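Breakdown of the fold
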Amino acid sequence: MLEALSEKLESIFKKLRSRGILKEEDIDAALKEVRIALLEADVNFKVVKDFIQNVKTKAVGKEVLESLTPGQQVIKIVNNELCGLLGGAGAKIHLSPNPPTVIMMVGLHGSGKTTTSAKLARLFKKEGRRPLLVAADLQRPAAIDQLITLGKQLEVPVFHSKEMKDPVALCDEAVRKAKLDAHDVLIMDTAGRLHIDEGLMKELSEIKAKVKPKETLFVADAMTGQDAVNIAKNFNEQIGIDGIILTKMDGDARGGAALSIRAITGKPIKFIGTGEKIEMLEAFHPDRIASRILGMGDMLSLIEQAEQAFDRKEAEKLQEKILGESFTFEDLKEQLKKIRSMGPVENLLGMIPGFSKVKNVSVDEREFVKVEAIINSMTAEERRNHNLLNGSRRRRIAAGSGTTVTDVNRVIKQYVEMKKMLKMFKGKKGMRMPKILPF
Amino acid sequence: MGFLDRLKEGLAKTRKGFIGKVEALFTGRKIDEETLEELEETLITSDIGVKATGEIVEFLRDKAKQGEIQNTENVREFLKQEMMTLLGPSQPLIISGERPFVILTVGVNGVGKTTTIGKLAGRFISEGKSVLLAAGDTFRAAAIEQLEIWSKRTGAQIVKHQSGSDPAAVAFDSLSAARSRNVDVVIIDTAGRLHTKSPLMEELKKVRRVIDKSMPGAPHETLLVVDATTGQNALRQAEIFNSAVGVSGIALTKLDGTAKGGIVFAIKKELGIPIRLIGVGEGIEDLRDFDSKEFVEALFS
């Protein structure tokens with residue numbers, strides 16, 4: 001599926017001929033695919049609609065950076081907007097100035113509350129705190145046993161009672177107990193419940209009113225579909241949530257629910273669960289989730305790398321040189337360095353949609369080293385004017401760079417051809433970065 | 001309360017939302033692009049998927065062009081027809097002559113496998129069948145205890161090993177026990193696993209192989225439990241579980257929320273796997289046979 005999206009976008013981008021600024025029709029074509037991608041990622045229909053409208057407004061008339069194609073530019077704007085919507089990284093759990101800090105875990109059945117409670121307890125324990133887990137799920141058979149087992153593994157005490165039938169009273173008792181035993185963090189694992197179950201939702205509000213948690217965390221399954229908005233909206237309006245934990249991110253769901261929940265509640269995503277093992281809880285990185293939702297992680301990093309390596313001014317300078325026919329060996333060397341700074345060339349090619357299909361493209365990295373060595377063995381004058389390179393100079397360069405005259409001849413030939421090719425670009429306005437690979 | 005009533009009740013919220021919208025769309029309006037776009041929204045927000053939605057909307061557009069759709073009733077009939085065609089005829093879970101009849105239950109974490117097994121056991125026992133549960137989720141903390149509680153509630157027998165033991169061994173022992181005790185139905189629980197974890201999928205394949213070796217032809221039903229709240233990923237789950245252990249039916253759980261469970265249309269269409277059961281509540285009696293006609297009728301009535 002991911003492959004399919006990059007391929008689709010590639011074919012659209014090929015059609016985008018306009019340069020300079022983004023035109024509405026280009027944006028529409030690209031955004032149509034982005035819309036489908038978002039819907040396939042389970043982002044809620046209405047959230048997608050608003051999002052696309054927003055991106056369109058921002059993108060129309062925007063300049064296309066020299067190093068990007070218009071399509072890439074649109075995707076870049078989409079990505080920035082997505083990251084913006086998903087919120088900043090490193091949202092922390094707030095601790096009460098007067099311990100214990102009470103954390104209440106809420107969510108649907110099977111979203112991963114119990115496992116996540118244990119994971120959080122582990123995190124606090126590692127920080128040197130004294131957490132207490134509270135088994136407040138009195139509904140699901142053996143939910144208490146599950147938390148007790150996890151508590152044992154972590155060596156974190158679990159407050160539980162098989163006699164108490166009222167979770168409100170149980171949580172209240174847990175707070176008293178925590179104060180007595182000098183626990184500084186309480187994590188309350190409440191029963192899973194449907195957001196439309198009025199009785200159980202009321203019970204949750206009562207617990208909240210009683211124990212006044214510092215953080216009420218909404219635990220949501222990353223695989224959740226369109227209904228994520230209804231669920232999150234209900235929990236937020238009826239209980240009031242302070243943050244979100246997205247679980248089961250180790251699957252291959254694109255996780256559009258993250259965007260839906262964020263958009264509907266405005267609350268930060270604090271952690272993501274990335275596995276069944278108790279240490280698998282990670283901080284949330286909006287950029288990673290953004291590319292995952294778009295289903296084009298590689299494409300985005302390529303855009304990013306291209307932007308970093310070729311900044312705009314340098315690109316303009318290079319363009320002037322080419323147009324002024326002053327493209328020298330020095331420039332060639334500079335370009336090669338930039339390309340190589342973007343990472344192994346084979347990886348770069350793999351990131352370009354379409355190229356991923358050509359599996360056995362092999363690029364010899366040593367070839368780059370050779371070309372660089374050859375250029376380094378030229379005098380400054382030779383680099384500026386290749387016509388000086390007669391037979392004896394070529395022999396000297398070969399000896400100096402540890403290559404053969406044949407190698408030197410090939411590099412010079414490639415350079416001359418490149419120069420010819422570049423000349424053909426002359427006069428065409430807003431041309432793109434030329435192809436400068438020496439093979 | 002009759003079956004249809006109970007189903008309708010369970011799906012009341014679904015129906016209210018869905019039908020309310022569709023009706024509002026078509027009352028006293030001509031079928032134009034705007035209406036079709038609104039319909040698209042209704043279908044997509046039901047998790048039916050972009051692709052299936054596109055096909056349905058195309059179908060209605062054609063019918064509208066041909067003049068076959070003019071009013072609300074027409075549209076409903078066409079939609080019902082199209083969605084029924086997608087789902088195909090009902091294929092409920094039938095306990096055939098095999099004895100014991102072996103059901104293997106699989107699915108990702110937190111979809112409600114153990115609960116579904118408990119309800120299923122309750123149903124068979126109320127039908128006068130003897131049931132043996134195999135506590136094959138040896139991984140998750142207290143999963144065995146959870147199944148034990150269900151066994152006590154329903155009166156089903158249980159075969160269990162220690163936590164952390166080999167689930168294939170549990171399955172093997174449960175079959176031996178079922179044969180010697182002359183049990184009618186064996187339901188094997190397995191640990192929830194994400195379909196992307198290949199070692200865990202290999203483990204599941206092994207469980208299946210061992211079952212087949214112990215009783216050739218078994219399991220007679222491999223039930224994939226799918227959470228109705230899940231979005232498009234449910235199709236991937238179905239694809240991968242199917243290629244690993246051959247899924248013969250789907251149990252769609254948590255339909256009593258506001259989620260529509262529309263992904264079953266894609267699962268049926270792409271993989272041809274029938275939906276056998278639906279969960280519409282927490283009680284033992286809230287596990288129902290999936291009947292495509294009644295399901296679609298309940299959506300539209």
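Rules used throughout
- Residues numbered from 1 in each chain as written.
- Chains lettered and ligands numbered in written order.
- Predicted model: local features only at pLDDT ≥ 70, side-chain atom pairs only at ≥ 80, totals over all residues.
- Heavy atoms only, no water.
- Helix = DSSP H or I, 4+ residues; strand = E, 2+ residues; numbered from the N terminus.
- Buried < 20%, exposed > 50% of the residue type's maximum accessible area, 1.4 Å probe, protein only.
- Contact = heavy atoms within 4.5 Å.
- Areas by Shrake-Rupley, 256 points an atom, 1.4 Å probe, with all protein chains shown as cover.
- Pairing = 2+ DSSP bridges.
- Axes fitted to C-alpha atoms, helices over the stretch in contact; angles between N-to-C directions.
- Expected span 1.5 Å × (residues − 1).
- Parallel < 35°, antiparallel > 145°, perpendicular 65-115°, else oblique.
- Left-handed = near helix turned anticlockwise from the far one by under 90°.
- Nonpolar A, V, L, I, M, F, W, Y, C, P; charged D, E, K, R; others polar.
- Phe/Tyr/Trp six-rings, centres within 6.5 Å; stacked < 30°, edge-to-face > 60°.
- Lys NZ or Arg CZ within 6 Å of the ring centre and 35° of its normal.
- Buried area = accessible area lost by both parts, 1.4 Å probe.
- Salt bridge = Lys/Arg side-chain N within 4 Å of Asp/Glu carboxyl O.
- Polar contact = N/O pair within 3.5 Å; in protein donor to acceptor, adjacent residues only side chain to side chain.
- Domains from an automatic or database assignment.

**A word on the overall build of chain A**
Per the secondary structure count, chain A includes 19 helices and eight strands. Taken across its 439 residues, chain A has 54% of its residues classed as buried. In chain A, of all internal contacts separated by at least 6 residues, the share reaching a separation of at least 24 is 75%. As displayed, chain A offers around 19800 Å² of accessible surface, 52% of which is attributable to carbon and sulfur atoms.

**Notes on the overall build of chain B**
Broken down by element type, chain B carries 12 helices and eight strands. Burial analysis of chain B (301 residues in total) assigns 58% to the buried set. Summarising the internal contacts of chain B: among those between residues at least 6 apart in sequence, 76% fall at separations of at least 24. Carbon and sulfur atoms form 49% of the exposed surface of chain B, whose accessible area is close to 11400 Å².

**Notes on the sheet that holds strand β7 (residues 275-279) of chain B**
Residues and elements named next belong to chain B. Ordered in space as β3-β2-β4-β1-β5-β6-β7-β8, the eight strands form an open sheet in which the pairing is mixed. For this open sheet the edge positions go to β3 (157-159) and β8 (287-289), each flanked by a neighbour on one side alone. Strand after strand, the sheet turns through a mean of 25 degrees between neighbouring axes, direction not considered. Pairing geometry for strand β2 (residues 131-134) and strand β4 (residues 185-188), over four bridges, is parallel. Within β4, the position partnered with L132 by the bridge is V186.

**What to know about unusual backbone geometry**
Of note, the amide linkage connecting A:P99 to A:P100 takes the cis form, showing an omega dihedral of 5 degrees. Structurally, the position occupied by A:P100 is in the loop between α4 (70-86) and β1 (101-106). Between B:R99 and B:P100 the backbone carries a cis peptide bond, its omega angle lying at -5 degrees. The phi dihedral of A:E155 falls on the positive side, at around 60 degrees, and the residue is not glycine. A residue is classified by how much of its surface remains accessible, and A:E155, at 61% relative accessible area, is exposed.

**Brief notes about helix α6 (residues 113-126) of chain B**
Residues and elements named next belong to chain B. With 14 residues, α6 ought to run about 20 Å at 1.5 Å a step, and its terminal C-alpha atoms sit 20 Å apart, in line with that. Burial analysis of α6 places 11 of its 14 residues in the buried class, which makes it a mostly covered element. In the stretch just after α6, G128 is the one whose phi turns positive, near 85 degrees.

**Description of the packing of helix α9 (residues 198-214) of chain B against helix α10 (residues 233-245) of chain B**
Residues and elements named next belong to chain B. In the contact formed by α9 and α10, the axes pass within 9 Å of each other and the chain directions differ by 45 degrees. With respect to α10, the axis of α9 lies oblique. Relative to α10, the crossing made by α9 is right-handed. Of α10, the residues touching α9 (which contributes M201, L204, K205 and R208) are I240, F241, A244 and V245. Of the residues that constitute the contact of α9 with α10, the class distribution is six nonpolar, no polar and two charged.

**With respect to the packing of α4(A) against helix α10 (residues 256-265) of chain A**
Residues and elements named next belong to chain A. Two elements in contact, α4 and α10, have axes separated by 9 Å at closest approach and are oriented at 60 degrees. In terms of orientation, α4 and α10 fall into the oblique class. Where α4 abuts α10, its residues L82, L85 and L86 lie against A258, L259 and R262. Looking at side-chain class alone, the contact of α4 with α10 contains five nonpolar, no polar and one charged residues.

**Details of the packing of aromatic side chains**
How two aromatic rings sit relative to each other is set out by the distance from centre to centre and by the angle between their planes. With the rule as written, the count across this model stands at two aromatic pairs over all chains. Their ring planes at 40 degrees and their centres at 5.2 Å tell us that A:F218 and A:F235 sit as a pair that is tilted. Pair noted here: A:F218 is in strand β5 (residues 215-221) and A:F235 is in helix α9 (residues 228-238), with a separation of 17 residues, a long-range link. Classification of A:F235 as buried rests on a relative accessible area of 0%. Both rings, one in A:F329 and one in A:Y415, keep their centres 4.1 Å apart while their planes meet at 20 degrees; by these two values the pair is stacked. Here A:Y415 lies in helix α19 (residues 405-425) and A:F329 lies in helix α14 (residues 329-341), a separation of 86 residues in the sequence. A relative accessible area of 0% means that A:F329 is categorised as buried. In this structure, B:R153 is placed above the aromatic ring of B:W150, and the distance from its NZ or CZ to the ring centre is 4.7 Å.

**So, the interface of chain A and chain B**
The figure often quoted for interface size is the accessible area lost as the parts come together. Facing 36 residues of chain A, the contacting portion of chain B comprises 38 residues. Between chain A and chain B, roughly 3100 Å² of surface is buried when both sides are summed, and carbon and sulfur atoms account for 59% of that area. Counting every contact that joins chain A to chain B gives four salt bridges. The salt bridge partner of A:D250 is B:K197, with a shortest N-O separation of 2.4 Å. If you look at where chain A meets chain B, you find 18 residue pairs in polar contact (both at pLDDT 80 or more). A class-by-class count of the residues in the side of chain A that touches chain B yields 12 nonpolar, 13 polar and 11 charged.

**Side note on the side chain of A:D221**
Residue and element names in this part refer to chain A. Note that D221 resides in strand β5. A polar side-chain atom of D221 sits 2.9 Å from a polar atom in the side chain of K248. When residues no more than four places from it in sequence are discounted, the contact partners of D221 are G110, S111, T247, K248 and A257.

**Observations concerning the domain arrangement of chain A**
Residues and elements named next belong to chain A. Each domain of chain A was delimited in the assignment, giving domain 1 (3-86), domain 2 (101-295) and domain 3 (303-423). Using only C-alpha atoms to locate each centre, domain 1 and domain 2 end up separated by 35 Å. Facing the 18 residues of domain 1 at the interface are 24 residues of domain 2. Overall, the association of domain 1 and domain 2 removes approximately 1700 Å² of surface from exposure, summing both partners, and the carbon and sulfur fraction of that is 66%. Sorting the residues of domain 1 by area buried against domain 2 places D42, N44 and L86 first, and these three jointly supply 37% of that buried surface. Our enumeration of links across domain 1 and domain 2 arrives at zero salt bridges. Our count for the contact surface shared by domain 1 and domain 2 stands at eight residue pairs in polar contact (both at pLDDT 80 or more). Those elements that place two or more of their residues in the side of domain 1 that touches domain 2 are α2 (24-40), α3 (45-59) and α4. A per-element tally of the side of domain 1 that touches domain 2 places α4 first, with six residues. A breakdown of the residues in the side of domain 1 that touches domain 2 according to their chemical character gives 14 nonpolar, two polar and two charged.

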